[in-house]
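Single-letter residue listing:
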Amino acid sequence: MRSNKLLIDWLKWPLYFRIVLIVMLIVLLFGQVISLIEPEVFPTVFDGIWWALVTVSTVGFGDYVPKTVAGRFVGMVLILIGAGFVTTYFATLSAAAFQKQHSYLKGDTTFKHGNHIVIIGWNEKTSELIETFQKIKPYKTLVLIDDTLEESPLIENLHFIRGNPTIDRTLVKANIEQADAAIITANQHKNESDADMHTILILLALKGINPDLYTVIELVTGMHLNNAKRAGADEIIKSYQLSSHLMMNSYLAKYGLSSVYSELNPANGNYFKIEPIPEELIGETFHAASHALLEKELLLIGIKKGDKTKLNPPISQVLHQDDLLILITH
C-alpha cells in the first residue's frame, strides 16, 4: 500500500517535472560512475557530471572522453538511456506549449485575473465596442464569451471563452466573480423575443454568481423590460427605442445629423457623463451652472432626478443637492 501511494503521488507531478528529475538523477549517477571507473580522465565527480550532462544532451564538446572499454560502455548506456529522456522532455515541452496555445485559441483557457470587463455575444456591435475600449481604456482587459465562434478573434488584450453564457462552468472560466462589469449584447441568431429572454437568462446566471456585478444589457423589444429590471440589470439599452429615436431625429433635423451621432462615440473623445452636483453649484440656476461648467470644458445638457431625466430644462431651473448633472465631456 505504501509503494502504491508513492507511485500515485509520483504520477500526480507534472510530466515534464518528472522527466527533468529523472535526467538529473541519470546525470548524477553516471557522473559518479565514470569518475570511479576512469579517475585519471575524470579526476573529480564534477568532471564526471559535466561529461554526463554534455553527453546526455548530445552536445559532445569532446573535452572529456572515456579511454577504457568499461568507460566507453558506460558512455553508450548513458547515450541510449539519457538521450531518450532528454528527447522526451523537449517533446513534452513542445506538446505542452502547443496544447496551451491551441486551448487559448479554442476558448478553453480559464481567465485568472480580475477587474476585467466581460462581453457576451460576438457581433458587429461587439467588435465596435472592443475597438472603443481599446482606444479609451487600453489598460482594461476584456473577456469575450461566445458559443458561435470556433476560434478567438485574436484581438489584442482580449481573452476568449467559448461556451454557453447561461452555464455556470462557462462563467467561472471567465472569472465572473472578480469582473468589474458585464455587457450582454442581443443574440443575433435568435428572433427578437427569444433573444431578449436569452439575455435575461444570462443576466440571472451572472447575478447568481456575482450579485454585485455591474451589468449593461441590450433589449431588442419592450416585452421583457420589467423582467430585466427584476433580474437586476443595472443599465438597459433599449435598442428598438434608441434606433427609432435616432431615425426620427435624423428625419426632423436633416443635414446629416448622423455624423453628429458618430462624434458622440467615446473613441472620438466625446462621451456622456453623469455626476453629482459640485457643492459650489448647489442652489444655482441651470444657466449659471452651464457657464461655470463650460469653463471646465464640460457641456451641461440636462438634469437627472431619480428615474426622471430632463434634457435642456428651463435656464431658470434651480439645481438641488440630490440632482445629477448630465454632461458631455472629452
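Provided above is the structure to which this section pertains.
Structural notes, computed from the coordinates. (Residues numbered from 1 in each chain as written. Predicted model: local features only at pLDDT ≥ 70, side-chain atom pairs only at ≥ 80, totals over all residues. Heavy atoms only, no water.)

**Notes on the sheet that holds strand β2 (residues 142-146)**
If you walk across this open sheet you meet the six strands as β3-β2-β1-β4-β5-β6, and the pairing is parallel. Each having just a single partner strand, β3 (158-162) and β6 (235-238) make up the two edges of the open sheet. Within the sheet, the average angular offset between the axes of one strand and its neighbour, ignoring direction, is 15°. Direction of pairing for strand β1 (residues 117-120) relative to β2: parallel, over a ladder of four bridges. Opposite Ile119, over in β2, you have Leu144 as the bridge partner. (Pairing = 2+ DSSP bridges. Helix = DSSP H or I, 4+ residues; strand = E, 2+ residues; numbered from the N terminus. Axes fitted to C-alpha atoms, helices over the stretch in contact; angles between N-to-C directions.)

**As for a nonpolar patch on the surface**
Taken together, the side chains of Phe46, Trp50, Val59 and Phe61 define a hydrophobic patch exposed on the protein surface, amounting to about 450 Å² of accessible area. Mapped onto the elements, Val59 comes out in the loop between α3 (45-56) and α4 (69-105). (Patch = residues over 30% accessible without salt bridge, like charges linked within 9 Å, V, L, I, M, F, W, Y side chains within 5 Å. Areas by Shrake-Rupley, 256 points an atom, 1.4 Å probe, with all protein chains shown as cover. Salt bridge = Lys/Arg side-chain N within 4 Å of Asp/Glu carboxyl O.)

**Considerations on the nonpolar core**
One finds Val118, Ile176, Leu206 and Ile217 to be the most contacted residues of the largest nonpolar core, which totals 26 residues. Of all the secondary-structure elements, those providing two or more residues to this core are β1, β2, β4 (181-184), α7 (192-209), β5 (214-219) and α8 (225-230). It is α7 that contributes the most residues to this core, six residues altogether. Contacts of Ile176, omitting those with residues within four sequence positions, involve Val118, Leu171, Leu206, Ile209, Asn210 and Leu213. Listed in part, the 13 residues of the second largest apolar core include Ile19, Phe42, Ala52 and Val86. (Core = buried A, V, L, I, M, F, W, Y, C linked by side-chain atoms within 4.5 Å. Buried < 20%, exposed > 50% of the residue type's maximum accessible area, 1.4 Å probe, protein only. Contact = heavy atoms within 4.5 Å.)

**Quick look at α7**
Along an α-helix, residues three or four positions apart point the same way, because every turn accommodates 3.6 residues. Taking 1.5 Å as the rise per residue, α7 with 18 residues should run 26 Å; its terminal C-alpha atoms sit 26 Å apart, in good agreement. Residues of α7 that are buried sit in contact with β1, α6 (168-173), β4, β5 and α8. Between the side-chain oxygen at the start of α7 and the backbone nitrogen of Ser193 there is a gap of 3.3 Å, and the oxygen is on Asn191. (Expected span 1.5 Å × (residues − 1). Polar contact = N/O pair within 3.5 Å; in protein donor to acceptor, adjacent residues only side chain to side chain.)

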